[in-house]
Amino acid sequence: MKFIKQLLLVLVLFVTPHAFAAPEAGKGYTLINPPQPVSTGTKIEVLDFFFYGCGHCFKLHPLLSAWEKKIPKDVEIVHVPTIFANSME
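From a predicted model like this one, the values you see are computed outputs, not experimental measurements. (Residues numbered from 1 in each chain as written. Predicted model: local features only at pLDDT ≥ 70, side-chain atom pairs only at ≥ 80, totals over all residues. Heavy atoms only, no water.)

Participant: So what exactly am I meant to see when it comes to the overall build of the protein chain here?
Facilitator: The number of helices and strands found in the protein chain is two helices and two strands. When the helices and strands of the protein chain are read in sequence order from the N terminus, they spell out α-β-α-β. For the protein chain, the proportion of its 89 residues judged to be buried stands at 9%. (Helix = DSSP H or I, 4+ residues; strand = E, 2+ residues; numbered from the N terminus. Buried < 20%, exposed > 50% of the residue type's maximum accessible area, 1.4 Å probe, protein only.)

Structure, rendered in C-alpha coordinates:
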(Lines give C-alpha, C1' and ligand atoms only; values in the text may rest on other atoms or scores of the structure.)
Protein backbone atom coordinates (compact mmCIF):
# COMPACT_ATOMS: atom_id res chain seq x y z
CA MET A 1 0.00 0.00 0.00
CA LYS A 2 2.88 2.34 0.80
CA PHE A 3 4.33 1.72 -2.66
CA ILE A 4 1.04 2.76 -4.33
CA LYS A 5 0.93 6.01 -2.33
CA GLN A 6 4.53 6.79 -3.29
CA LEU A 7 3.81 6.01 -6.93
CA LEU A 8 0.76 8.32 -6.92
CA LEU A 9 2.82 11.09 -5.31
CA VAL A 10 5.51 10.77 -7.99
CA LEU A 11 2.87 10.88 -10.74
CA VAL A 12 1.24 13.99 -9.24
CA LEU A 13 4.60 15.74 -8.95
CA PHE A 14 5.42 14.81 -12.54
CA VAL A 15 2.12 16.11 -13.98
CA THR A 16 1.66 19.26 -11.84
CA PRO A 17 4.22 21.54 -13.58
CA HIS A 18 2.51 20.92 -16.93
CA ALA A 19 -0.88 21.90 -15.51
CA PHE A 20 0.42 25.35 -14.57
CA ALA A 21 2.49 26.06 -17.67
CA ALA A 22 2.05 29.52 -19.17
CA PRO A 23 -0.26 29.58 -22.19
CA GLU A 24 1.42 29.99 -25.56
CA ALA A 25 -0.17 31.59 -28.63
CA GLY A 26 -1.11 28.91 -31.12
CA LYS A 27 -1.05 26.08 -28.56
CA GLY A 28 -3.79 26.75 -26.00
CA TYR A 29 -5.56 29.48 -27.92
CA THR A 30 -5.58 31.27 -31.26
CA LEU A 31 -5.34 35.01 -31.72
CA ILE A 32 -8.12 36.54 -33.80
CA ASN A 33 -6.65 38.79 -36.45
CA PRO A 34 -7.93 41.43 -36.95
CA PRO A 35 -9.41 41.87 -33.46
CA GLN A 36 -13.20 41.93 -33.48
CA PRO A 37 -15.12 44.96 -32.17
CA VAL A 38 -16.43 44.60 -28.61
CA SER A 39 -19.20 46.33 -26.70
CA THR A 40 -16.81 47.32 -23.88
CA GLY A 41 -14.73 49.72 -25.97
CA THR A 42 -11.03 48.99 -25.63
CA LYS A 43 -11.32 46.49 -22.77
CA ILE A 44 -10.77 42.76 -23.07
CA GLU A 45 -14.21 41.21 -23.19
CA VAL A 46 -14.98 37.86 -21.54
CA LEU A 47 -18.36 36.51 -22.63
CA ASP A 48 -20.26 34.40 -20.09
CA PHE A 49 -22.93 32.44 -21.95
CA PHE A 50 -25.38 30.93 -19.48
CA PHE A 51 -28.87 29.42 -19.28
CA TYR A 52 -31.14 30.27 -16.36
CA GLY A 53 -32.26 26.64 -16.06
CA CYS A 54 -28.75 25.17 -16.07
CA GLY A 55 -27.50 23.68 -12.81
CA HIS A 56 -23.88 23.86 -14.00
CA CYS A 57 -24.22 27.57 -14.74
CA PHE A 58 -25.78 28.06 -11.30
CA LYS A 59 -22.81 26.36 -9.61
CA LEU A 60 -20.28 28.28 -11.70
CA HIS A 61 -21.79 31.71 -10.98
CA PRO A 62 -20.25 32.20 -7.48
CA LEU A 63 -16.81 31.28 -8.81
CA LEU A 64 -17.18 33.67 -11.74
CA SER A 65 -18.43 36.44 -9.43
CA ALA A 66 -15.41 35.97 -7.14
CA TRP A 67 -13.06 36.11 -10.14
CA GLU A 68 -14.88 39.20 -11.44
CA LYS A 69 -13.86 41.11 -8.29
CA LYS A 70 -10.16 40.34 -8.96
CA ILE A 71 -9.89 40.83 -12.75
CA PRO A 72 -7.61 43.55 -14.13
CA LYS A 73 -9.11 46.94 -14.94
CA ASP A 74 -8.78 46.32 -18.69
CA VAL A 75 -11.05 43.23 -18.54
CA GLU A 76 -14.82 43.17 -18.39
CA ILE A 77 -17.22 40.23 -18.12
CA VAL A 78 -20.35 40.40 -20.27
CA HIS A 79 -23.12 38.02 -19.17
CA VAL A 80 -25.09 36.67 -22.14
CA PRO A 81 -28.20 34.58 -21.42
CA THR A 82 -28.82 31.84 -23.96
CA ILE A 83 -32.35 31.69 -25.30
CA PHE A 84 -33.42 28.55 -27.11
CA ALA A 85 -36.99 29.59 -27.99
CA ASN A 86 -38.93 32.83 -28.39
CA SER A 87 -41.11 31.85 -25.43
CA MET A 88 -38.05 32.07 -23.14
CA GLU A 89 -37.43 35.78 -23.74
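Participant: What am I meant to see in the environment of D48 here?
Facilitator: With respect to the helices and strands, D48 occurs in strand β1 (residues 44-50). Judged by its relative accessible area of 13%, D48 falls in the buried class. The sequence separation of D48 and H79 amounts to 31 residues, and the corresponding C-alpha distance is 4.7 Å. With residues near it in sequence (within four places) discarded, D48 still touches L64, I77, V78, H79 and V80. (Contact = heavy atoms within 4.5 Å.)

Participant: What should I look at first to understand the pairing of β1 in this one?
Facilitator: Residues in a regular strand project their side chains so that they alternate between the two faces of the sheet. Sheet analysis places β1 next to strand β2 (residues 75-81), joined by seven bridges and oriented parallel. Bridge assignment links F50 to a residue of β2, and that residue is P81. Assessed by its sense of winding, the connection that carries the chain from β1 through helix α2 (residues 55-68) to β2 is right-handed. (Pairing = 2+ DSSP bridges. Right-handed = clockwise from strand over helix to strand, strands pointing away.)

Participant: How should α2 be read in this particular structure?
Facilitator: With 14 residues, α2 should reach 20 Å at 1.5 Å per residue; the first-to-last C-alpha distance of 20 Å fits that figure. A bend of about 35° at H61 is the largest found in α2, and the proline P62 appears one to four places after it. (Expected span 1.5 Å × (residues − 1). Bend = angle between axes of the 7 residues up to and from the residue.)

Participant: Help me out: how do you make sense of the environment of W67 in this one?
Facilitator: Here W67 lies in helix α2. On the basis of relative accessible area, W67 is assigned to the partly exposed category, the value being 39%. In this structure the C-alpha to C-alpha distance between W67 and I77, which are 10 residues apart in sequence, comes to 9.9 Å. With residues up to four places along the chain from it excluded, the contact list for W67 reads V46 and I77.

Participant: When you look at the pattern of salt bridges in this model, what are you seeing that I'm missing?
Facilitator: A side chain with one charge may pair with a side chain of the opposite charge, provided their charged atoms come close. Scanning all chains against the criterion turns up one salt bridge. Between K43 and E76 there is a salt bridge whose closest N-O contact spans 3.7 Å. Note that K43 is positioned in the loop between α1 (2-19) and β1 and E76 in strand β2, a separation of 33 residues in sequence. K43 sits in the partly exposed class, given a relative accessible area of 33%. Take E76: its relative accessible area is 31%, and that puts it in the partly exposed class. (Salt bridge = Lys/Arg side-chain N within 4 Å of Asp/Glu carboxyl O.)

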